[in-house]
Structure formats: C-alpha cells, structure tokens
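Each chain, letter by letter, is given below.
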Amino acid sequence: MKLIVAIVQDKDSNRLSSALVKENFRATKLASTGGFLRAGNTTFMIGVDDNQVESVMNVIRNSCKVREQLVTPVTPMSGTTDSYLPLPVEVQVGGATVFVLPVERFEHF
C-alpha cells in the first residue's frame, strides 16, 4: 500500500478532485500555502494499492498544468529600500509536487 501526497495549485484543485472521483480514487484534501509565492495550494492525500500508483500519477499529470506567471519579489526587510524597485519576474507555477510513501499499516473504521 502507498500514500500519495500531491501538492497542487488551487487553480488545478477542482479539476484534479473531479478526475480522482471519476476514476474511483478517494482523496483527502487539505488547504495549504506555498512558501515561495505564498499562494494557496491544495494538498491531496490518496491511499492506494501498489498497483494503482501509476494510474493515480497519470490522473495527477493530466489534471495539473504548469503555467507562467508574473510575480513581484518581496521587498527586503533590512537595509534601505530607497533604491530598490522590485520588477516583476516570470516564474513557472502550477503542476504538482508528488510524494509516494510506503504505508506499513492501514485501517479504516
């Protein structure tokens, strides 16, 4: 048995949730926040048998897309800010960060 932990951008959350339900995979959704962009994410916890891991990975891969976004860097906290004018930079956001963990024991009550 495996526990799949998938962290996805909020924009992909509903699409992934619907796709998991359609493929009969159960998931627990948790609200989370990314450290880099400080933007909303959703963390999915999905328990599956070993032979179902690739099927879930395909659902995640097809539901979560990488896209470009302009962000303005955070102003430094120390030093002078007189000469610091943050310019927007383009970064990749979206997609999914996925961890597949072994489960030693699983019980459902």
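Just so you know, these numbers come straight off a predicted model, no measurement behind them.

Trainee: What is the right way to read the pairing of strand 3 (residues 40-48) from this model?
Mentor: For a regular strand, side chains alternate in direction, first toward one face of the sheet and then toward the other. Note that strand 1 (residues 2-9) and strand 3 share 8 bridges and pair antiparallel. Directly across from Ile 4, in strand 3, lies its bridge partner Ile 46.

Trainee: Would you mind showing me how to read the environment of Ala 27 here?
Mentor: Within the secondary structure, Ala 27 sits in the loop between helix 1 (10-22) and strand 2 (28-33). For Ala 27, a relative accessible area of 38% translates into the label partly exposed.

Trainee: Explain the nonpolar core to me, please; I cannot follow it from the model alone.
Mentor: Grouped burial of nonpolar side chains is what soluble globular proteins tend to show. In terms of nonpolar packing, the biggest core is built from 16 residues, with Leu 16, Leu 20, Ile 46, Val 56 and Ile 60 touching the most fellow members. At the level of elements, strand 1, helix 1, strand 3 and helix 2 (53-63) are the ones that each hand at least two residues to this core. Residue contributions to this core peak at 5 residues, all from helix 2. Setting aside residues no more than four positions away along its own chain, Ile 46 makes contact with Lys 2, Leu 3, Ile 4, Leu 20, Arg 26, Ala 27, Val 56 and Ile 60.

Trainee: Where do I start with the confidence of the model for the chain in this structure?
Mentor: Reading predicted coordinates in detail is not appropriate for stretches of low pLDDT. Taken as a whole, the chain shows an average pLDDT of 84; of its residues, 75% reach a score of 70 or greater. Mean pLDDT values over the elements of the chain span from 68, in strand 5 (residues 89-94), up to 97, in helix 2.

Trainee: Help me out: how do you make sense of the pattern of salt bridges in this one?
Mentor: Between side chains of opposite charge, a pair can form as their charged atoms come close. In the structure shown here, the tally under the stated rule is 2 salt bridges. Asp 12 is the partner of Arg 15 in a salt bridge, and the nearest nitrogen-oxygen pair spans 2.6 Å. Of this pair, Arg 15 and Asp 12 both sit in helix 1, 3 residues apart, roughly one helical turn. A relative accessible area of 43% places Arg 15 in the partly exposed class. Linking Glu 107 and Arg 105 is a salt bridge whose minimum nitrogen-to-oxygen distance equals 2.2 Å. By relative accessible area, Glu 107 is classed as partly exposed at 37%.

Trainee: In this structure, what is going on with the packing of helix 1 against helix 2? I would like to understand it.
Mentor: For any two helices packed against each other, the geometry is given by the interaxial angle and the distance between the axes. Interaxial distance between helix 1 and helix 2 falls to 9 Å at its minimum, and their mutual angle equals 145 degrees. For the crossing formed where helix 1 meets helix 2, the hand is right-handed. Judged by residue contacts, Asp 12, Arg 15, Leu 16, Ala 19 and Leu 20 of helix 1 engage Val 56, Val 59, Ile 60 and Ser 63 from helix 2. A breakdown of the residues in the contact of helix 1 with helix 2 according to their chemical character gives 6 nonpolar, 1 polar and 2 charged.

Trainee: Help me out: how do you make sense of the sheet that holds strand 3 in this one?
Mentor: In a beta sheet, neighbouring strands pair by backbone hydrogen bonds and run either parallel or antiparallel. Taken in spatial order, the 4 strands of this open sheet run 2-3-1-6, and their pairing is antiparallel. Both outer strands of the open sheet, strand 2 and strand 6 (96-102), are each paired with one neighbouring strand and no more. Direction aside, neighbouring strands of the sheet carry axes that sit 20 degrees apart on average.

Trainee: What am I meant to see in helix 2 here?
Mentor: The periodicity of an α-helix, 3.6 residues per turn, causes residues three or four places apart in sequence to face the same way. If you check which residues of helix 2 are buried, you get Val 53, Val 56, Met 57, Val 59, Ile 60 and Ser 63. Taken down its axis, helix 2 places every buried residue within 160 degrees of arc, on the same side. Of the exposed residues in helix 2, those oriented more than 90 degrees away from the buried face are Glu 54 and Asn 62. Contacts made by the buried residues of helix 2 are with strand 1, helix 1, strand 3 and strand 6.

Reading the values: the criteria
Residue numbers here run from 1 along each chain, matching the order of that chain's written sequence. Only residues with pLDDT of at least 70 get local features here, since the model is predicted, and only at 80 or more are side-chain atom pairs given and counted; chain-wide, interface and lining totals rely on the full set of residues. With hydrogens and water excluded, all non-hydrogen atoms of the structure serve as input to the side-chain values. Only when DSSP finds a minimum of two bridges between them are two strands counted as paired. Only DSSP runs of H or I covering at least 4 residues are called helices, and only runs of E covering at least 2 are called strands; the numbering of each starts at the N terminus. Residue exposure (1.4 Å probe, protein chains only): buried if accessible area is under 20% of the type maximum, exposed if over 50%, otherwise partly exposed. Here, nonpolar core refers to any group of buried Ala, Val, Leu, Ile, Met, Phe, Trp, Tyr and Cys residues whose side-chain atoms link them within 4.5 Å. The contact criterion used throughout is that any non-hydrogen atoms of two residues lie within 4.5 Å. pLDDT runs from 0 to 100 and stands for how confident the predictor is about each residue. What counts as a salt bridge is simple: a side-chain nitrogen of Lys or Arg found within 4 Å of a carboxyl oxygen of Asp or Glu. Every axis corresponds to a line fitted to the C-alpha atoms, with the helix fit spanning only the stretch in contact, and the corresponding angles, defined between N-to-C directions, vary from 0 to 180 degrees. Handedness of each helix crossing follows the sense of rotation of the near helix against the far helix: counterclockwise by less than a right angle gives left-handed, clockwise gives right-handed. All amino acids are sorted into three groups, where Ala, Val, Leu, Ile, Met, Phe, Trp, Tyr, Cys and Pro are nonpolar, Asp, Glu, Lys and Arg are charged, and the leftover types, Gly among them, are polar. Taking the helix axis as origin, the arc is that swept by the directions to the C-beta atoms.

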